[in-house]
Every structure is written in structure tokens, then in C-alpha cells.
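# Residue-level structural notes
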Amino acid sequence: MNPGAGEIFRQKRREFDKILTGLLEGLDREHYPAPLREALFAALMVDEAPRGLPLLLGVISEPSGAQPSARALAAFECCLRAYLLLAEIGHTGQGSATGGVGKKLGEKFTPAQVLLTADTLFTWPLELAAAECTLDGKPLSGEIAAALGAGGVLAALDRAGGSFDSLLGLEPVEFLCRAWAGQGARVFRDAAHWVYLRELSGWFGAPPGIDRALGKLEEKIFFSRDAADPRQVKVAELITFLKAPPS
């Protein structure tokens, strides 16, 4: 990895965390009472969050010169956290380590609070994205709603059932990337799936089998990349960066 690339990604992650904290602190106290705000902070502002989705969206968008806004990036991250919360609630398999983020939330908040938090993390993004557009000029809130809808992320999660193995094959990050970049996001499908599995690993406490799945994707990403394509090089640099613990 280019020595400077890691610091650039690290700085972007710090900037994103600062923006997300500001958005959370600015929530209307009347509509978002203190217990809900506390749960939202717990779900969104965790040390284990690698922020792979907003960083990948930045790489995808770079050639266009039209980066997603801070509010749009926050909307995408909220959707991913909501998905992970629902995956945790529906998980009936074995092997989820006690150190996972999802387990920690379950120990701190009641099931009703966790469900309300997940619901809020699906609805708040539509508010955040209300005035935003996709790369091709479509209303972003509509594209996010479509990515989550009947043919998207939540339907796939529902069909998958509760086993952890079934979660490994889902593609929520790619769906969310498509909400921003359209069909062009398919070029980054392997990277999007790696980012998803990296998030899943932290959320469930690195359960058995996930390291092997990540390794297979890394082989495809690193050995099939075109060194003359700046975006493919940057994707490989991003994966290398995300493999290390957040700092």
C-alpha cells in the first residue's frame, strides 16, 4: 500500500466520525428522546466500526468528481448499522463470540430498544438524504428506499433466515453502493462484499468461517486488479487499510 494512502483513509474516517457525531448531537430532543439517542450513539459510534462503506463510496465516486455529501454518507452508514442490528436480532446460529458489537448492545439495551433503534436507523437516513441526489441525478432518498425494499437488502435478509452461513452470502453493501452509483457499482462487487464481511466479523465477534471468506475475496481483489486502473489500485489499498484495527 502507498504509505500515504493509509493516512488519507485514516483522516477521512476521523472526519466522517466527527460529522456523524455532530449529526447525532443535533437530533431533535422532542422526537429523539434521550434513551433512543443513547442507543443510536451505541450502534453508530463504536471503536470497532471500520467505516468501510463511506470510504468505498469515496473511491467509487472519485473519477466523477461528485463525492457524496456528509449527510449522504451518514445515511448509508445508518442503513448498514440498521441491517446489522436486524441480522443480530434474527441470528439463531451458534458461534457468535461474546465480544461482538451486537452482543454488547444486547447486554446494554432491551430488545424493544434495539428494535426501535434499528427502525430509526432505517428512517433517519431518508431524512438525511432528502435533498441529495445520486451520481446520475436521481433523488437519493428514493434510491436508498429501493435498495432497502422488496427487491433489496431487507427482503434478502428475511429470505436468508437466521443462520450465520446464510448471512455470509448477502450483499447489503453492494445494494447501498448501487443506490449512489447505479449499475456502475457492480464493478466493485467483490470489494463491497469484503467490506460487508469485515463489518459482519466485527459485529458478530469474528465467528468461525469468516476469515476464510474474507481471504478468498482478497485473493480475487489483489490478484485480478489492473495496476493501470487507479480505482482498482485504490480499492486494494482500502482493503489493506481496513484489515488493520481502526485507529
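Quantities reported herein were computed from a predicted structural model and do not represent experimental measurements.

Before going further, it helps to spend a moment on the confidence of the model for the chain. In the predicted model, the chain carries a mean pLDDT of 88, and 95% of its residues have values of at least 70. For the chain, per-element mean pLDDT is lowest for helix H5 (residues 101–108), which scores 77, and highest for helix H10 (residues 172–181), which scores 96. For residues 94–98, every residue scores under 50 in pLDDT, and the model assigns this stretch nine contacts once sequence neighbours within four places are set aside.

Here the largest pocket defines a volume of roughly 250 Å³. Lining the largest pocket are 15 residues, with Lys 12, Pro 54, Leu 55, Gln 67 and Leu 73 positioned closest to its centre. Broken down by secondary-structure element, the contributors of at least two residues to the lining of the largest pocket are helix H1 (3–25), helix H3 (52–61) and helix H4 (70–90). The dominant element in the lining of the largest pocket, judged by the number of residues it contributes, is H1, at six residues. Among the residues forming the lining of the largest pocket, the class breakdown is nine nonpolar, two polar and four charged. The space that makes up the second largest pocket amounts to roughly 210 Å³. If you trace the second largest pocket, you find it lined by Val 187, Phe 188, Arg 189, Asp 190, Ala 191, Lys 220, Ile 221, Ser 224, Arg 225, Gln 232 and Val 235. When contributions to the lining of the second largest pocket are tallied by element, the ones reaching two or more residues are helix H11 (189–204), helix H12 (210–223) and helix H13 (230–243).

Moving on to the packing of H12 against H13. It is at 9 Å that the axes of H12 and H13 come closest, and there the two elements cross at 145°. Seen along the crossing, H12 lies across H13 with a hand that is left-handed. Every residue of H13 that contacts H12 at Glu 218, Ile 221 and Phe 222 is listed here: Val 235, Ala 236, Ile 239, Thr 240 and Lys 243. Its residues placed into classes, the contact of H12 with H13 shows five nonpolar, one polar and two charged.

Here is what the cut-offs are and how they apply
Residues numbered from 1 in each chain as written. Predicted model: local features only at pLDDT ≥ 70, side-chain atom pairs only at ≥ 80, totals over all residues. Heavy atoms only, no water. pLDDT = per-residue confidence, 0-100. Helix = DSSP H or I, 4+ residues; strand = E, 2+ residues; numbered from the N terminus. Contact = heavy atoms within 4.5 Å. 1 Å grid on protein atoms, 1.4 Å probe; cavity = no way out; pocket = protein on both sides within 12 Å on 5 of 7 lines; lining within 4 Å. Points joined across faces, edges and corners; volume = space filled by probe spheres on them. Nonpolar A, V, L, I, M, F, W, Y, C, P; charged D, E, K, R; others polar. Axes fitted to C-alpha atoms, helices over the stretch in contact; angles between N-to-C directions. Left-handed = near helix turned anticlockwise from the far one by under 90°.

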